[in-house]
Amino acid sequence: FSPDRIRNFSIIAHIDHGKSTLADRLLEYTGTISRSADNKQVLDKLQVERERGITVKAQTASLIYQYQDTTYLLNLIDTPGHVDFSYEVSRSLSACQGVVLLVDANQGVQAQTVANFYLAFERDLVIIPVLNKIDLKGARPDEVCQQMESLFDIGKSDILQISAKLGTGIDLVLKAIIERLPCPQADRNAPLKALIFDSWYDKWRGAISSIALIDGTIKKGTKIKSNYTGKVYEVQETGIMYPNEQETNTLYAGQVGYLICGMKMTKEAQIGDTIYQDMVPVKSLPGFKPAKPMVFAGIYPVDQSEYSALRSAIEKLLLNDSSVSVNIDSSAALGQGWRLGFLGLLHMDVFSQRLEQEYDASVIITSPNVPYKVKIIGAKNIKQYKGEEITILNPSHFPDPSIISECSEPVVLSTIITPDSYMGSVTSLFLSRRGQLKDQLYIDNKRIMFKVVFPLNEIIVDFFDELKSITSGYASFDYEDYGYESANLVKVDFALNGLIVDELAMICHSSKVLENSKRVVAKLKEAIPRQLFEIAIQAKLSSKILVRDTIKAYRKDVLAKCYGGDITRKMKLLRQQAEGKKKMKRYGNVDVPKDAFISVLKK
Ligand code: GTP
């Protein structure tokens, strides 16, 4: 296929607007897969994806389509469907010349539609607007067209109306892709230049990359070099996804395909990296950045005897997911474990769900936190601090306030779209989460869009659920990285009978200190069983006690229900009680069951 007969495109949509369904229909219509009931979402390959109905890992497929006497190669470049993966979305888009912007004709434009539109618009990609689900009784095509016109300046006559479910209008989508999208600007005779826009792990063959060939050709035996790592590899196999790997001799400029070259881990195949022929360097493609974890959490086996099994499961998953960062961690209460960094909350959920589903591991995940930056006064003279600014991933490592000159926290710019009848409650929700309103506008006569800057920490736990619940599910939410902002942060410690418990340490904004401390103290009070003596629970800010509560003394008499009875039965009950005690952790003289920690630390 010469470049003029190639079209590279993505489908971008808000979650559930029908991207996977449309992809399946395109594959069927072009004969790439046969029409059958089993075809439900061929491209969503992970079990979690099928269960949750979301795309986590992008999958790409090539389609061959005959249109007016000419045969075209259409490369459908799938994108992950969630904010956590917006960097991957933007990389996938770099491999395209255009996008199908899919909008549910009933729900209309949602937060992710807006975010995705701008990703494509900023890249000067041609946008094919498509209304999906027009078969639905509640479809409101006119209103949604009006939203698209006012927000994106898209004329009604350019908007296609389809039903991916019923398969109506699929030919119109293919026609628009061929007629409206430009072909890739590609030069087969120039030196090799290719973009890695996705990678995954295969047990037998190592890392497999999806690549878009910008210039040149690539085939078995070509010596290639990664611009990011500087490592050289020999190409073992190339081909196209049709829809699974199908080997071809050579990939040419303008094409999209896969590459196997002896990379052992997906970490070597960084998304966004440029590869070129060894000894023939080219200017790398702009915009590359290594994946940056923003949400950190401790992960521990429920039972320490499963430690090594869990380690090997995590190692296997990491082979496939280069964006997770790992550090070994240990906790007096939870034992040996790890501190893992994720792109976002969904990424974390997906990872733990895969551990459970694919490796049958039972794990405890601690409440997540974000990376804070702290500037240290006179860091040069303090041995443990290498630089003036340090990043804190674990709250118990927060330095003493007397040596801190400034703290900052990661913030995000979010888009919230809601029916205006919920305006009041949405506003109070974002104010309670320290959100700063940047902009607001009506996208049609009853829907409003807010642009709000949030501290990331305020939205990583239960924000989305709360937003959904106060708006009866009508609001949508999306966010992008917005750097760091200076903030008044403090560390709160928790003590049991005067002894500080490290893993309960919490970093929070000064305005939230009391509220958060009260919550943790109440949880501890509920979770720690009464003991033979009184237990004082305290929340402390430096030496100041913020909140205090006590658990009254009590003796659990395990023999109470044993009237008379024989001695062996009594011994057995006492032995069981002793066993139970072993599972407790001692803090000073206080016994704390592991479950109590879990209930406080868990998200
Ligand atoms: P993500 O992968 O999470 O982004 O979701 P998606 O956009 O791929 O959505 P998906 O294709 O999974 O469709 C979501 C739901 O909408 C499914 O239950 C589909 O059956 C349904 N759906 C998709 N297209 C249509 C349509 O044209 N009409 C109707 N009535 N339902 C549709």
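Residues numbered from 1 in each chain as written. Predicted model: local features only at pLDDT ≥ 70, side-chain atom pairs only at ≥ 80, totals over all residues. Heavy atoms only, no water.

Visitor: Go over the sheet that holds strand 4 (residues 98-104) with me, naming the residues and quoting the values.
Guide: Within a sheet, neighbouring strands are paired by backbone hydrogen bonds and run either parallel or antiparallel to one another. Read across the sheet, 6 strands follow the order 2-3-1-4-5-6 without closing on themselves; strand pairing throughout is mixed. Taken across any chain shown, the strands that pair with only one partner, and hence form the sheet edges, are strand 2 (60-67) and strand 6 (160-161). Note that strand 1 (residues 6-13) and strand 4 share 5 bridges and pair parallel. Bridge assignment links Phe9 to a residue of strand 4, and that residue is Gly98. With respect to the sheet, helix 4 (residues 111-122) is in contact with strand 1, strand 4 and strand 5 (126-132), its orientation differing from that of strand 1 by roughly 150°. (Pairing = 2+ DSSP bridges. Helix = DSSP H or I, 4+ residues; strand = E, 2+ residues; numbered from the N terminus. Contact = heavy atoms within 4.5 Å. Axes fitted to C-alpha atoms, helices over the stretch in contact; angles between N-to-C directions.)

Visitor: Explain the nonpolar core to me, using residue names and the numbers behind them.
Guide: Ranked by size, the top nonpolar core spans 50 residues in total, and within it Phe351, Leu355, Ile416 and Phe454 carry the most contacts. Residue contributions to this core peak at 6 residues, all from helix 7 (residues 307-320). Those residues within four positions of Leu355 in sequence are excluded, and the remaining contacts are Ile299, Leu310, Ala313, Ile314, Leu317, Asp360, Ala361 and Val363. (Core = buried A, V, L, I, M, F, W, Y, C linked by side-chain atoms within 4.5 Å. Buried < 20%, exposed > 50% of the residue type's maximum accessible area, 1.4 Å probe, protein only.)

Visitor: Help me get a handle on the pairing of strand 1, residues and values and all.
Guide: The buried count for strand 1 comes to 8 of 8 residues, which makes it a mostly enclosed element. Residues Ile6, Asn8, Ser10 and Ile12 of strand 1 are buried on one face, and the alternating residues Arg7, Phe9, Ile11 and Ala13, pointing to the opposite face, are buried as well.

Visitor: Quick rundown of the side chain of Asn75? Include the residues and the values.
Guide: Looking at the element boundaries, Asn75 is found in strand 3 (residues 70-77). Among the residues examined, Asn75 registers a relative accessible area of 0% and is labelled buried. Separated by 2.7 Å, the side chains of Asn75 and Ser62 make a polar contact. Those residues within four positions of Asn75 in sequence are excluded, and the remaining contacts are Ile6, Arg7, Asn8, Phe9, Ala61, Ser62, Gly254, Gln255 and Val256. (Polar contact = N/O pair within 3.5 Å; in protein donor to acceptor, adjacent residues only side chain to side chain.)

Visitor: So what about the packing of helix 3 (residues 86-94) against helix 4? Which residues, and what values?
Guide: Where helix 3 meets helix 4, the axes come as close as 10 Å, and the angle between the chain directions of the two elements is 40°. Between helix 3 and helix 4 lies a crossing of right-handed hand. Only Asn116, Leu119 and Ala120 of helix 4 make contact with helix 3, whose side of the interface consists of Ser86, Val89, Ser90 and Leu93. Tallied by class, the residues present in the contact of helix 3 with helix 4 amount to 4 nonpolar, 3 polar and no charged. (Left-handed = near helix turned anticlockwise from the far one by under 90°. Nonpolar A, V, L, I, M, F, W, Y, C, P; charged D, E, K, R; others polar.)

Visitor: Residues and numbers for helix 3, please.
Guide: Within helix 3, 7 of the 9 residues are buried, which leaves it mostly tucked inside the rest of the structure. The set of residues buried in helix 3 consists of Tyr87, Glu88, Val89, Ser90, Arg91, Ser92 and Leu93. Where the residues of helix 3 are buried, they touch strand 1, strand 3, strand 4, helix 4 and strand 7 (193-202).

Visitor: Now, about the confidence of the model for the protein: what can you tell me, with residues and values included?
Guide: Per-residue confidence for the protein gives a mean pLDDT of 85, with 87% of residues at or over 70. Taken together, the stretch residues 48-58 has pLDDT below 50 and engages in 48 contacts with residues farther than four places along the chain or on a different chain. In the model output, the complex is listed with pTM 0.79 alongside ipTM 0.97. (pLDDT = per-residue confidence, 0-100.)

Visitor: Provide a residue-level description of the sheet that holds strand 20 (residues 363-365), including the pertinent values.
Guide: Within the open sheet, the 4 strands sit side by side as 18-19-17-20. Their pairing is antiparallel. Looking along the sheet, the strands with just one partner apiece sit at the ends: strand 18 (325-331) and strand 20. When the angles between neighbouring strand axes are averaged without regard to direction, this sheet yields 30°. When strand 17 (residues 295-301) meets strand 20, the two strands line up antiparallel, connected through 3 bridges. Paired with Tyr300 across the two strands is Ile364, which belongs to strand 20. Docked against the sheet, helix 7 engages strand 17, strand 18, strand 19 (335-342) and strand 20, running at close to 15° with respect to strand 19.

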